Each structure stands twice: as C-alpha cells, then as structure tokens.
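# Understanding the architecture of this molecule
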Amino acid sequence: MSKRKITIALAGNANVGKSVIFNHLTGLHQHIGNWPGKTVERAEGTLHFRSYTIDIIDLPGIYSLSTYSLEEMISRKYIVVERPDLVINVVDASVLERNLFFTLQLIELGTPMVIALNQLDMAKKKGIKIDVEKLEKLLGVPVVPTVAIKGIGIFQLLEKAIEIIEKGQETRRIEVRYGEEVEERIAKLARMIEGIQFWYPPRYAAIKLLEGDEEIERTINRINPQITYTAKKLANELENVYGHFCATIITSERYGIAGCIAREVQKLVPPIKPTKEERLHALTTHKILGYPIMAFLLLLMFYSIFTFGNYTSELLRNFFYNWEFLFADFFGIGVVGKLVWGGIIEGIISGITIAIPYIIPFYFILYFLEDSGYLSRIAFLMDNAMHKIGLHGKAFIPLLLGYGCNVPACLGCRIMETERERLLAAFVTTLVPCAARTVIIFGLVGQFMGIQWALMLYIFNLVVIFVLGRLAFKILPGEPTALIMEMSDYRLPHLKTVVKQTWSRLAEFIKIAFPLIIVGSFVIKLTEVLGLLEPIAASFSFITVMWLGLPAVTGITLIFGVLRKELTLIMLAILLGTTNFAQVLTPIQMIVFTIVIMFYIPCIATIAALVKEFGLKKALLMTVFEIAFAIILGGVTLRVLTLII
Amino acid sequence: MGKQEKIEKSDMPLTALREGEIGIVTSIKSGHGRGYGRGIGFERRLMDMGLTPGTEVVVVKSALFHGPIEVSVRGSRLALGRGIAERIFVVKKSV
C-alpha cells in the first residue's frame with residue numbers, strides 16, 4: 001500500500017522554539033534552501049508516520065500575517081495558495097498575549113490548525129500558569145502543551161495533527177469579532193467580495209482591505225475596482241469615527257481580543273526574586289558592565305576558534321600532503337601531474353582545511369549564542385555604534401561573522417530588514433579582515449614589526465570601515481530603518497538544533513565556495529604552467545613597483561590572493577625564497593603590502609556570495625571599487641609613511 | 001491616507017520617560033510621510049508587536065549616549081532604537 005502524502009507547515013513568532021520542533025519532527029531528513037527567488041530561508045523536511053509521508057515546512061518566524069516584510073508575505077502566500085493540509089501554530093506560553101495575536105490571524109485565515117503551546121517550562125519559571133483546556137475551548141482549536149527542548153509533547157502534537165487531517169476540523173472555532181462600527185463595514189465588503197473568485201476567504205479579504213493591505217488591494221483592484229473604492233471609503237469613515245488609522249483600529253481590537261483570552265486563561269504568580277535568566281539579562285545589557293562582558297566573550301570566542309582552527313588545520317594539511325608522493329608516483333611530476341595536484345587537489349585541500357577547522361566551530365558558537373538569546377543583546381549594545389554608519393544593532397552580527405569568514409557574513413546580512421541595509425551591511429562586511437587576512441596581519445607585520453603595529457592596522461581598518469560605511473550610507477538612497485527587536489528570555493540552546501544549523505550552513509558554504517576555489521586554483525595553476533604568471537604580473541608592475549613601491553613579485557601574490565588571502569603570504573615566501581621577510585621587505589613595504597591585502601578585493605568565494613545575494617552588477621561594482629580603493633590607499637600610505645619616518 | 005495622527009499636548013515621546021516609569025501609548029508618529037524602506041511601515045511593525053494605542057509600556061532601560069531603549073510590552077521585552085522610540089507618544093501613568 002502506498003503511503004499518503006500530506007503537508008504540514010509550522011508557523012509562529014520568532015524565538016518560540018519552532019526550529020526545535022521542526023528538528024524533532026524531521027530528524028535527519030531535512031533540506032534547507034531558499035524560497036524561490038527570495039533571500040528568505042526555507043526549511044523543509046520529511047517524516048514517516050503511520051501510513052503517511054509527511055512533508056514539513058518551517059515558515060519564517062513572524063509577528064503578523066500582513067505583507068510588510070518579505071517573510072510575512074511568503075508565509076501568508078504559502079498558507080493561502082499552496083494550502084498545506086494543516087498548520088501547526090507554535091505559541092510561546094511565556095508571552096501568550098503577543099503570540100495569540102498571531103494565532104488569531106491564522107484563525108481568521110480559516111486554515112486547519114493545531115496549536116503547540118510551547119516553552120511551558122519557561123512560563124512556569126516566570127510564574128505563569130495556563131489553563132490549556134480553557135484556551136482550547138475559547139479558541140475552538142486543539143491545543144497541545146509541549147516543551148520542545150526536552151521533546152515533551154511532540155508525539156501528541158503529531159497524533160493530534162493526523163487526527164484533524166483525517167477527521168477534518170470542527171467548525172466551532174472562535175470568530176474574531178471586532179467592534180460594531182468595524183463589523184458593519186466588514187460585512188458590507190465581504191458581501192461584495194463573495195461575488196468574485198478569490199484566494200482568500202471573503203471576510204478575511206474584507207478585513208485586510210480595510211487595513212490597507214497592498215497585496216490584496218492590488219489583486220482585487222484588478223478584478224473589481226469598485227470594491228477597493230468602497231473599501232477606501234469605508235476605511236475613511238472609520239478613521240473619522242475613531243481618530244486613528246484604520247489599520248491601527250483593527251490591530252488594536254485584535255490585540256484586545258488576544259489580551260482578553262490571555263487574561264482569561266493564565267494565572268500570574270510572579271516570582272518574588274527575579275529569575276536567573278532575568279538577572280543574566282540585566283547583567284549582559286548593563287549600561288556599563290555590558291560592554292566589557294561582551295568584549296570578553298567575543299575575544300574568548302575568537303581566541304578559541306583560532307586556537308582550535310590553527311591546530312586542526314595544520315593537522316589536516318599534514319595528513320593530506322603525506323599523500324602527495326603517492327600521487328606523484330601515479331600521475332608523474334609532468335604538466336598533467338602539476339595541473340591535477342596543484343590545480344584541483346590543492347584547491348580541494350585548501351577548501352577542507354579552511355571549512356572544517358574554522359567555519360565549523362565558528363558557526364557552532366554563533367548559533368549557540370543566537371539560540372541562547374545573547375546575539376540580540378549584542379545587537380542592543382551595539383545599536384548606537386552601528387547607527388553612525390546608517391545601520392542598526394543587528395548589523396553588528398554579520399560584521400562580527402566577517403572576522404571569521406566574509407562568505408557567511410555576506411549571507412548573514414539577510415537578517416537586515418531592507419535591501420538597502422543588506423547591501424550596506426555586506427559592503428562594510430567585506431572590508432572586515434577575515435581569518436585569512438588576520439594570518440597576514442599577524443604573520444607579516446605582527447611577527448616582523450611587533451604586535452603593536454598589527455593592532456594599529458586593526459584600528460586603522462576600523463576607521464576605514466567607519467568612513468567608507470558612512471560615505472556609502474550617505475550615497476545610497478533611502479532612509480535608515482531603526483532597531484525593533486525582541487529580546488526573548490535567555491535559555492539553554494537545544495544542542496541537536498545547533499548542530500543541524502551548523503551543518504546546513506556548512507553545506508551552503510561548501511556549495512558556494514568550493515567550486516570557485518577549485519576552478520580558480522586550476523586557472524591560476526594553468527597560467528603558471530604556461531609561464532604566463534610573470535608576464536601578467538609584470539604588466540601591472542607600474543602599480544606594484546612604481547605606485548606601491550613593492551617588489552615586482554608581489555604582483556603574482558596578489559593574483560593568488562584572489563583565491564584565498566592567506567595564499568599571498570605563502571606565495572611571497574616561495575617567490576622571495578625566504579620566510580624571513582625582514583630581509584627582503586622594509587617595514588614600510590610590509591605595511592603597504594598588508595593594507596593592500598586587507599582591502600583590495602573580496603576573495604573569489606566572497607564575490608560568489610555577493611553575486612548570489614545581490615546580483616552580478618552590484619557584486620562587480622563592489623569588487624572594482626575595493627581594488628581601486630586599496631591601490632590608492634596603499635600608494636598614499638607609502639608616501640605618508642616615507643614622509644614621517 | 002497620508003494624514004498624521006493627532007498629538008495631544010500632554011503627550012510626550014517615550015524617550016522622555018525615565019527608567020522604571022510607565023507610559024500609555026497614545027499614537028505613533030509616522031516617518032515624514034516618505035517611503036520607508038520597501039513599504040515596511042515601522043509604525044505597523046510596532047503595532048504588530050503589541051504597541052497599539054492604549055497599551056502600557058514600561059521603560060526598563062535606556063542605553064548610554066542616546067542609545068536604544070528596552071521596554072516591556074504585553075509581557076514581552078523589546079529593544080527599540082532611539083529614533084523609533086522618539087516617535088512613540090505616550091502619557092505618563094502616575095503610580
């Protein structure tokens with residue numbers, strides 16, 4: 001007997017434990033990609049339960065089903081147009097009222113649903129006791145209590161979901177009723193909409209028209225402009241009665257209903273002492289102490305990543321290079337052997353020796369911090385500083401990522417709300433010295449000139465980021481948006497979820513970066529084998545030698561740097577025939593070289609990430625700008641330093 | 001629509017409240033009537049997060065140097081950028 005296929009969507013606010021439930025349900029059978037044509041993540045997984053093959057879609061975490069953000073639009077469209085067999089609404093029991101506001105909108109949409117009343121343990125800690133049966137009765141929707149992090153209630157949730165799909169949902173669910181003035185006009189509009197063919201239920205469409213929902217307005221206007229005209233007139237009447245925007249009136253009333261239900265079903269016995277989580281929150285967002293704590297945690301994070309990374313990377317590299325002689329036996333050391341080893345195999349090795357030692361711990365710690373709730377505190381602390389370059393606190397997170405690797409950092413800019421901010425954040429991020437550039441700063445300037453010079457370069461880098469960020473912010477059209485962010489309670493992350501998030505990010509990184517690193521390695525190796533490297537480098541010696549005052553061979557290293565920045569140092573050692581750079585480079589040359597490396601181009605993998613997120617044109621524009629900027633800055637630095645020293 | 005919400009004399013921006021004080025939202029001033037990002041009306045976003053007229057807001061913390069403020073609304077904890085908080089008008093609730 002073949003299994004029946006059904007689809008279940010998970011919907012709810014951000015930080016309610018949706019992804020933990022998703023992981024419990026789907027286990028290893030999941031796939032994380034993007035919604036078609038959008039930079040919003042789409043997580044999908046399958047599950048076999050009884051005689052069903054269940055497709056589970058994890059919708060983005062949202063606060064409303066309006067169309068003000070891409071995430072909301074995608075979620076609503078998915079529920080209405082794709083029509084999953086059931087929606088599981090994950091509700092945070094510790095913030096019931098705000099969560100019910102979303103639940104009411106799902107109910108209005110008329111989709112079959114079950115509520116997972118999650119994080120009951122956290123609610124209990126805060127002294128909130130919820131009468132589940134009463135909530136179920138008031139809403140007319142089944143409610144299953146869960147503590148997802150411990151796996152409690154997941155099975156019951158699934159059973160309930162299947163039961164509803166099999167038997168159909170009872171229709172006695174609550175009808176969200178507004179004030180009389182509003183209801184009157186909803187009824188009038190709904191009657192008009194009933195006459196036309198439309199995706200949405202008539203009453204829902206009527207409410208949304210009054211709220212001024214652009215998407216629904218546009219669609220209905222195409223079918224019957226008379227309806228939208230009437231809607232505007234009715235909305236105006238309401239605005240005159242209440243003295244508020246119509247959207248405000250409806251949102252207020254909906255929240256009023258959510259509040260009523262919440263008060264009705266929950267008993268509040270606030271604990272006398274603030275909870276551990278609250279004290280931790282107060283400490284980590286403390287006006288003064290918050291900053292040193294953040295600095296300490298971040299330094300600790302980078303220190304452990306680099307220590308772990310350097311050690312593991314070395315280990316892996318030795319392991320792989322031990323096989324080189326075997327390879328040479330097989331392919332010989334002729335042109336073919338060189339191309340295959342130096343071009344393809346070395347490309348793969350370098351990819352692995354970066355990805356595993358650095359990217360994995362980096363993502364792991366990052367997701368751990370995110371799921372625990374600390375990242376939102378960092379955003380709160382850094383909001384002020386980020387505003388100086390036209391961004392808000394959340395942008396500090398991709399910036400931070402950039403110090404590890406620019407590729408995930410560029411992808412991480414998705415957390416910004418508008419396209420403009422995404423672009424601005426990505427631009428600033430590519431200027432951040434990643435792990436590879438750190439190797440050069442410390443390996444060249446730090447080692448041969450002293451650590452204080454290396455740190456000065458970092459400060460210089462921050463100044464440049466600030467100045468360029470500010471300039472870009474002034475040039476790019478549009479208004480800055482500001483921080484509106486929930487800081488949900490601290491909690492211990494669910495380890496399996498963190499591991500899976502790390503894994504899916506790693507897979508994404510490999511998919512974007514590996515092909516280009518390998519092709520790039522091959523092309524450069526081919527150029528080398530054909531003896532073209534030196535002529536090419538010589539052709540821009542007027543930049544490297546005349547303008548930047550560097551040895552001519554640095555031209556070659558800069559070409560290699562496009563692949564991976566740390567290659568520049570390795571190549572420099574090979575070409576100059578020594579690792580004691582003090583013998584062959586003057587201190588000024590070291591600084592100029594390092595500054596150029598720091599800014600001259602996002603590496604090939606970063607360019608790929610930029611193309612993916614912003615399109616070819618913008619990615620190339622940024623690349624060209626950064627090359628020109630680095631060359632100019634390098635030359636100016638040379639002249640200024642020669643003057644003072 | 002394009003019309004501004006009325007702002008009464010006794011109203012003050014949320015930023016005028018001190019830490020620990022409670023305000024009741026009266027209105028949210030929209031952003032100069034110009035397009036805000038890609039139609040992301042921040043006032044609607046605020047309302048979706050629970051800051052509707054008549055709602056009690058507790059100012060929990062205000063970061064130094066005109067930084068963001070932390071408020072407590074309907075049992076949730078929100079961080080609001082200073083620019084946004086200045087556009088939320090409240091009347092102070094006397095305790």
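## Comments concerning the overall build of chain A
The number of helices and strands found in chain A is 30 helices and 10 strands. Compactness check: chain A gives a C-alpha radius of gyration of 29 Å against a globular reference of 26 Å for 645 residues, within 12% of the reference. Dimensions of chain A, computed from C-alpha atoms along their principal axes, come out at roughly 85 × 60 × 60 Å. Sequence-distant contacts in chain A: of pairs separated by 6 or more residues, those separated by 24 or more amount to 72%.

## Quick notes on the sheet that holds strand S6 (residues 88-92) of chain B
Pairing in this open sheet of seven strands is antiparallel, and the strands run S10(A)-S5(B)-S4(B)-S3(B)-S2(B)-S6(B)-S1(B) from one edge to the other. Among the strands making up the open sheet, the edge pair consists of strand S10 (484-486) of chain A together with strand S1 (12-13) of chain B. Bridge count for S10 of chain A against strand S5 (residues 76-80) of chain B is three bridges, and the pairing is antiparallel. Among the inter-strand pairings, Glu-486 of chain A is bridged to a residue of S5 of chain B, identified as Leu-78 of chain B.

## Considerations on the packing of helix H14 (residues 324-331) of chain A against helix H15 (residues 335-372) of chain A
All names here are of chain A. Between H14 and H15, the shortest axis-to-axis distance is 9 Å and the interhelical angle comes to 145°. Here H14 runs over H15; the crossing is right-handed. Every residue of H15 that contacts H14 at Glu-324, Phe-327, Ala-328 and Phe-331 is listed here: Val-336, Gly-337, Val-340 and Trp-341.

## Section: the nonpolar core
Soluble globular proteins tend to bury their nonpolar side chains together. Residues and elements named next belong to chain A. Leu-10, Ala-116 and Val-407 are the most contacted members of the largest nonpolar core, which totals 178 residues. Here this core takes nine residues from helix H28 (residues 587-599), the largest share from any one element. When residues no more than four places from it in sequence are discounted, the contact partners of Val-407 are Phe-509, Ile-512, Ala-513, Ala-605, Thr-606 and Ala-609. Formed by 23 residues, the second largest nonpolar core is a distinct cluster that contains Leu-189, Leu-209, Leu-234 and Phe-245.

## Re the pairing of strand S2 (residues 22-28) of chain B
All names here are of chain B. The element S2 is largely enclosed, with a buried count of five among its seven residues. Strand direction decides the pairing type here: S2 and strand S3 (residues 56-62), joined by three bridges, are antiparallel. Each residue of the ladder has a partner; that of Ile-22, found in S3, is Val-58. Sheet topology note: the S2/S6 ladder contains five bridges and is antiparallel. Note that in S6 the partner of Ser-27 across the bridge is Phe-89.

## Quick notes on the environment of Ala-454 of chain A
Residues and elements named next belong to chain A. Along the chain, Ala-454 turns up in helix H21 (residues 451-475). Sequence separation between Ala-454 and Trp-35 is 419 residues, and the spatial gap between their C-alpha atoms is 43 Å. With sequence-adjacent residues up to four places away left out, Ala-454 is seen in contact with Ile-441, Phe-442, Val-445 and Gly-446.

## Details of the confidence of the model for chain B
All names here are of chain B. Overall, the prediction assigns chain B a mean pLDDT of 79, with 79% of residues at 70 or greater. When pLDDT is averaged over each helix and strand of chain B, the minimum, 84, is found for helix H1 (residues 42-48) and the maximum, 93, for strand S4 (residues 69-73). This stretch, residues 32-40, has a pLDDT under 50; its non-local contacts, to residues over four places away or in other chains, come to 21 contacts. On the interface metric, ipTM, the complex scores 0.85, and its pTM is 0.83.

## As for helix H7 (residues 180-194) of chain A
Residue and element names in this part refer to chain A. Here H7 is 15 residues long and its end C-alpha atoms lie 21 Å apart, about the 21 Å a rise of 1.5 Å per residue gives. Among the residues of H7, Val-182, Arg-185, Ile-186, Leu-189 and Ile-193 are the ones counted as buried. Along H7, the residues classed as buried sweep out an arc of 105° about the axis, all on the same side. Within H7, the exposed residues directed more than 90 degrees away from the buried face are Glu-180, Glu-183, Ala-187 and Arg-191. Where H7 is buried, its residues contact helix H8 (202-211), helix H10 (225-242) and helix H11 (246-265).

## Quick look at the domain arrangement of chain A
Residue and element names in this part refer to chain A. Domain assignment breaks chain A into domain 1 (4-167), domain 2 (180-268) and domain 3 (273-645). In this structure, domain 1 and domain 3 have C-alpha centres spaced 37 Å apart. Opposite the 13 residues of domain 1 that make contact, domain 3 presents 13 residues. Elements supplying a minimum of two residues to the side of domain 1 that touches domain 3: helix H1 (18-26) and helix H4 (120-125). If one sorts the elements of the side of domain 1 that touches domain 3 by residue count, H1 sits on top with three residues. Of the residues assigned to the side of domain 1 that touches domain 3, the class counts are five nonpolar, six polar and two charged.

## Looking at the interface of chain A and chain B
Each partner contributes to the interface: chain A provides 36 residues, whereas chain B provides 40 residues. Among the secondary structure elements, those contributing two or more residues to the side of chain A that touches chain B are helix H3 (96-109), H11, helix H16 (374-387) and S10 of chain A. Ranked by residue count, the leading element in the side of chain A that touches chain B is H11 of chain A, at five residues.

## Looking at the environment of Val-529 of chain A
Residue and element names in this part refer to chain A. Mapped onto the fold, Val-529 is located in helix H22 (residues 495-529). The exposure class assigned to Val-529 is partly exposed, which follows from the 16 C-beta atoms found within 10 Å. Sequence-wise, Val-529 and Val-336 are 193 residues apart; in three dimensions their C-alpha atoms are separated by 9.6 Å. Beyond its immediate stretch of four places on either side in the chain, Val-529 contacts Val-335, Lys-338 and Leu-339.

## Here we look at unusual backbone geometry
All names here are of chain B. Its identity is not glycine, yet His-66 carries a phi of approximately 55°, on the positive side. Along the polypeptide, His-66 turns up in the loop between S3 and S4. Unusually for a residue other than glycine, Arg-74 sits at a positive phi of about 45°. Secondary-structure assignment places Arg-74 in the loop between S4 and S5. For Arg-74, a count of 23 C-beta atoms within 10 Å gives the class buried.

Cut-off values and rules
- Residues numbered from 1 in each chain as written.
- Chains lettered and ligands numbered in written order.
- Predicted model: local features only at pLDDT ≥ 70, side-chain atom pairs only at ≥ 80, totals over all residues.
- Helix = DSSP H or I, 4+ residues; strand = E, 2+ residues; numbered from the N terminus.
- Rg over C-alpha atoms; globule rule 2.2 N^0.38 Å.
- Contact = placed C-beta atoms within 7 Å.
- Pairing = 2+ DSSP bridges.
- Axes fitted to C-alpha atoms, helices over the stretch in contact; angles between N-to-C directions.
- Left-handed = near helix turned anticlockwise from the far one by under 90°.
- Core = buried A, V, L, I, M, F, W, Y, C linked by C-beta atoms within 7 Å.
- Buried ≥ 20, exposed ≤ 12 C-beta atoms within 10 Å, placed from the backbone.
- pLDDT = per-residue confidence, 0-100.
- Expected span 1.5 Å × (residues − 1).
- Arc of directions from axis to C-beta.
- Domains from an automatic or database assignment.
- Nonpolar A, V, L, I, M, F, W, Y, C, P; charged D, E, K, R; others polar.

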